[in-house]
Every structure is written in C-alpha cells, then in structure tokens.
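Structural characterization, general
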Amino acid sequence: MNTPTFTVEYVPEKHDSKINYRNEIIVYPHVQIRQTFFNQGSEVGYLVKVQGIFRRFRYDRIRSIKSED
C-alpha cells in the first residue's frame, strides 16, 4: 500500500536557516504526513516527511494541504 502524498503550502518561521520576515509561503510537494506532534501537552501540528527529511509543520502556519492522489 502506498503512503498518500500531499502538496503543502506553509509559512515557516525559518527557511534555509534564515528568519522568514516576509512570511513567504513555501510550497512543499510530495509530503507524507506521519503523525501529529504535541507541545506542552497540546496538539500543535504534523510530523511530516519531505524528500526523506522529517519536519514539523505547525497548524497555525499551514495555508493549504492538497492531495496528490
């Protein structure tokens, strides 16, 4: 069974190790959503896999999620 993939539009706090002062939207294709993650006991986002790298996407910074299937 194939893991579903998504295209996610996300406004990261940092991108390429630089603060995203302009709040630019970054488009991440082929994202695999693995599980939710928590901060201080509250669910705040998704743990995802993008190009073999695990990242955390916070709900309040996600602009859209579209299925690629």
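In case you missed it, the structure is sitting above this.
The model shown is predicted, which means the values in this text are computed figures rather than measured ones.

Here we look at the overall build of the chain
- Within the chain, the regular secondary structure consists of zero helices and seven strands.
- Start at the N end of the chain and walk to the C end: the helices and strands fall as β-β-β-β-β-β-β.
- When each of the 69 residues of the chain is scored for burial, the buried share is 26%.
- Long-range contacts, defined as pairs at least 24 residues apart, comprise 36% of the intrachain contacts of the chain with a sequence gap of at least 6.
- Across the chain, the 11 positively charged side chains and the 8 negatively charged ones have centroids separated by 5 Å.

Thresholds applied
- Residue positions are counted from 1 within each chain, in the order its sequence is given.
- Per-residue local features are limited, in this predicted model, to residues with pLDDT of at least 70; the limit for side-chain atom pairs, both in listing and counting, is 80 or more; totals at the level of whole chains, interfaces and linings are taken over all residues.
- Each side-chain value is derived from all of the structure's non-hydrogen atoms; neither hydrogens nor water enter the calculation.
- Numbering goes from the N terminus for both helices and strands, where a helix is a DSSP run of H or I of at least four residues and a strand is a run of E of at least two.
- Partly exposed residues are those whose accessible area sits between 20% and 50% of the maximum for their type, while under 20% is buried and over 50% is exposed, using a 1.4 Å probe and protein chains only.
- Note on contacts: a residue pair is in contact if any heavy atoms of the two residues lie within 4.5 Å.
- A residue counts as positive if it is Lys or Arg and as negative if it is Asp or Glu; His and the chain ends are not included.
- Every charge is mapped to an atom, namely NZ of Lys, CZ of Arg, CG of Asp or CD of Glu.

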